[in-house]
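Read off the chains here:
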Amino acid sequence: MTSSPIVALDGVAKRYGAFVALHETDLAIAEGEFVTLLGPSGCGKTTTLRLIGGFEQASDGRIAIAGQDVTESPPYRRPVNTVFQDYALFPHMSVAENIGYGLSVRSGRLEKTERRRRVAEALALVGLEGMADRRPGALSGGQRQRVAMARAVVRRPRVLLLDEPLSALDVKLREGMQVELKRLHRELGITFLMVTHDQTEALALSDRIVVMREGRIAQIGSPTDLYDHPATPYVADFIGAANLLEAEALGREGDVCAFRLVNGATLRSRRREAAGATTGSRVTLGVRPERMMAARPETGAANALDCIVMERLFHGDCLRIELAPEGGGKPLFAELARTALPATVSAGSRLAVHIDPDDVMVFDAGGGK
Ligand code: ADP
Ligand code: MG
């Protein structure tokens, strides 16, 4: 990070009595970034956002925004604004009044014409021209979401905090609003810090994703970093999906490392992290369902696992196949192109799946779990 971060957490922790909602955490966000906090419900995402917004006091550590220590500052003294999960619009106020409220609270006494201009500008930004006089009750879910966005940006914060901004919308609307969020981020040129439990949303929108687990950061990286090089089985399975296989390292053969699965089958990996596995050590292998390919059992394809098909599920553009490895082991999932599998392959059929050694991820190769 070249310039100083717009948001910096330094050893920030949050405890509620004996319960630790956020363990000591360091995090630096660069000006203009779109960063997402991603993790399952209860992992501390909202807590982190509320600490930055000033709605919670840190139990430990310091928080700086735009170079100022704001650890003790109330929300209105911080150059940030929040779009709350439930939007928190005032039902008795019109759309324009709701948006203008953001200005009156914090910007002191702006001139009336300037206020009106800014509200109109915010309305236009979210595509709600002509809706200024409506009450929130007379708007669709998507429109209410836009009002909440307009109200949050009208004061031109340096950082916009968004707590699951799209979770109240149905799937189709959510996809449309993802594009809108991305456009808004580009047009405003400010920093977005968004909370979501939806990995697809995080992957689609973020410059960087902060994957959280039980009050800690599990891994930070760009969407492609996290997808291609997850640091742990947890991240591998949360960003995308992964089949996780217990295995024992057999040793190196040239640039690949061989591993024995519980059913005795051998899988080879050519990934950089495989090099750390010493012979005899226990590791977890990760294979993404979409990286498995179908092969006929009798062809003896390289790096293949012989399996029995348990279920064949139609997913439109692809088939999702549940497989039981021959000789035992946990069921596996493969995602195959529809054209890759003859219609005759169904529950009970034998099917070998082969995997490119570059696609066999290796975890815990350094030893202990
Ligand atoms: P997330 O947004 O990731 O779903 P939260 O940050 O809201 O999770 O909550 C993290 C944990 O902290 C949860 O176990 C939650 O119950 C707990 N928690 C949040 N707020 C409070 C509070 N005010 N008092 C006690 N526990 C809380
Ligand atoms: Mg939350």
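What counts and what doesn't
Each chain has its residues counted from 1, following the order in which its sequence is written. Ligands are numbered from 1 and chains lettered from A, in the order in which they are written. pLDDT decides what is reported in this predicted model: residues at 70 or higher carry local features, side-chain atom pairs at 80 or more are listed and counted, and totals for whole chains, interfaces and linings draw on all residues regardless. Values shown for side chains rest on all heavy atoms present in the structure; no hydrogens or waters enter the calculation. UniProt positions are given in the numbering used here, feature names are shortened, and annotations may be inferred rather than shown by experiment. The helix and strand labels rest on DSSP assignments: H or I over at least four residues marks a helix, E over at least two residues marks a strand, and numbering proceeds from the N terminus. A simple rule labels every residue: compare its accessible area, found with a 1.4 Å probe on the protein chains alone, to the largest value its type can have, and call it buried under 20%, exposed over 50%, or partly exposed in between. Charge assignment: positive for Lys and Arg, negative for Asp and Glu; neither His nor the chain ends contribute. To locate a charge, take atom NZ for lysine, CZ for arginine, CG for aspartate or CD for glutamate. Here, nonpolar core refers to any group of buried Ala, Val, Leu, Ile, Met, Phe, Trp, Tyr and Cys residues whose side-chain atoms link them within 4.5 Å. Contacts are assigned to residue pairs with any non-hydrogen atoms lying within 4.5 Å of each other. Strands pair, by our definition, only if DSSP identifies at least two bridges between them. Stacked, tilted and edge-to-face pairs are distinguished by plane angle, under 30 degrees for stacked and over 60 for edge-to-face with tilted covering the rest, among Phe, Tyr and Trp rings (Trp via its six-membered ring) whose centres lie within 6.5 Å. Whether a charge sits over a ring comes down to the Lys NZ or Arg CZ being within 6 Å of the ring centre and within 35 degrees of the ring normal. The span you would expect from a helix comes to 1.5 Å times its residue count less one. Comment: arc refers to directions from the helix axis out to C-beta atoms.

- Per an unreviewed UniProt entry, the protein is named Spermidine/putrescine import ATP-binding protein PotA, and its organism is Shinella yambaruensis.
- The Function (unreviewed entry) comment attached to the protein in UniProt states, word for word, "Part of the ABC transporter complex PotABCD involved in spermidine/putrescine import. Responsible for energy coupling to the transport system."
- Turning to the protein, the UniProt annotation filed under Subunit (unreviewed entry) states: "The complex is composed of two ATP-binding proteins (PotA), two transmembrane proteins (PotB and PotC) and a solute-binding protein (PotD)."

1. Side note on the overall build of the protein
Alright, step 1. The helix and strand tally for the protein stands at eight helices and 20 strands.
Alright, step 2. With the C-alpha coordinates of the protein rotated into their principal frame, the extents come out at 80 × 45 × 40 Å.
Alright, step 3. Taken over 369 residues, the protein has a buried fraction of 47%.
Alright, step 4. Taking the average place of the 46 positive charges on the side chains of the protein and the average place of its 46 negative ones, the gap between the two points comes to 6 Å.

2. With respect to the nonpolar core
Alright, step 1. Judged by nonpolar contacts, the single largest core of 33 residues is most densely connected at Ile-99, Met-149, Leu-160, Leu-162, Leu-181 and Phe-192.
Alright, step 2. Broken down by secondary-structure element, the contributors of at least two residues to this core are helix H2 (95–106), helix H3 (112–125), helix H4 (141–153), strand E7 (159–163), helix H5 (171–188) and strand E8 (191–196).
Alright, step 3. Of the residues forming this core, the biggest block, six residues, is contributed by H4.
Alright, step 4. When neighbours within four sequence positions are excluded, Met-149 is seen to be in contact with Val-83, Val-126, Leu-160, Leu-162, Leu-181 and Leu-184.
Alright, step 5. Residues Leu-245, Ala-247, Ile-321 and Ala-334 belong to the second largest nonpolar core, which totals 30 residues.

3. Focus on the pairing of strand E3 (residues 34–38)
Alright, step 1. Counting buried residues in E3 gives five out of five residues, a clear majority hidden from the surface.
Alright, step 2. Burial of E3 is two-sided: the residues Phe-34, Thr-36 and Leu-38 facing one way and the residues Val-35 and Leu-37 facing the other way are all buried.
Alright, step 3. Bridging between E3 and E8 involves five bridges; their strand directions are parallel. Counterpart to Leu-37 in the pairing with E8 is Val-195.
Alright, step 4. Pairing of E3 with strand E9 (residues 208–213) involves four bridges; the strand directions are parallel. Its bridge partner lying in E9, Leu-37 is registered against Val-210.

4. Brief notes about the packing of aromatic side chains
Alright, step 1. One pass over the structure, following the stated rule, counts four aromatic pairs.
Alright, step 2. Both rings, one in Phe-34 and one in Phe-192, keep their centres 5.3 Å apart while their planes meet at 50 degrees; by these two values the pair is tilted. With Phe-34 in strand E3 and Phe-192 in strand E8, this residue pair connects regions lying 158 residues apart in the sequence.
Alright, step 3. On the accessibility criterion, Phe-34 (1% relative accessible area) is buried.
Alright, step 4. Here the aromatic rings of Tyr-234 and Phe-238 are separated by 5.9 Å at their centres, their planes lie at 20 degrees, and the arrangement is stacked. Of the two residues, Tyr-234 and Phe-238 both sit in helix H8 (residues 233–238), four residues apart, roughly one turn of that helix.
Alright, step 5. Residue classification places Tyr-234 among the buried positions, given a relative accessible area of 17%.
Alright, step 6. Residue classification places Phe-238 among the buried residues on the basis of a relative accessible area of 19%.
Alright, step 7. One cation-aromatic arrangement involves Arg-288 over Tyr-227; the distance from NZ or CZ to the ring centre is 4.2 Å.

5. What to know about H3
Alright, step 1. If you check H3, its first and last C-alpha atoms are 20 Å apart, about what 14 residues at 1.5 Å a residue would give, namely 20 Å.
Alright, step 2. Every buried residue of H3 is listed here: Arg-118, Val-119, Ala-122, Leu-123 and Leu-125. Along the axis of H3, the buried residues cluster in a sector spanning 160 degrees; they form a single face. When the buried face of H3 is taken as reference, the exposed residues oriented beyond 90 degrees from it are Thr-113 and Arg-116.
Alright, step 3. Where H3 terminates, the next one or two residues include Gly-127, which has phi positive at roughly 70 degrees.

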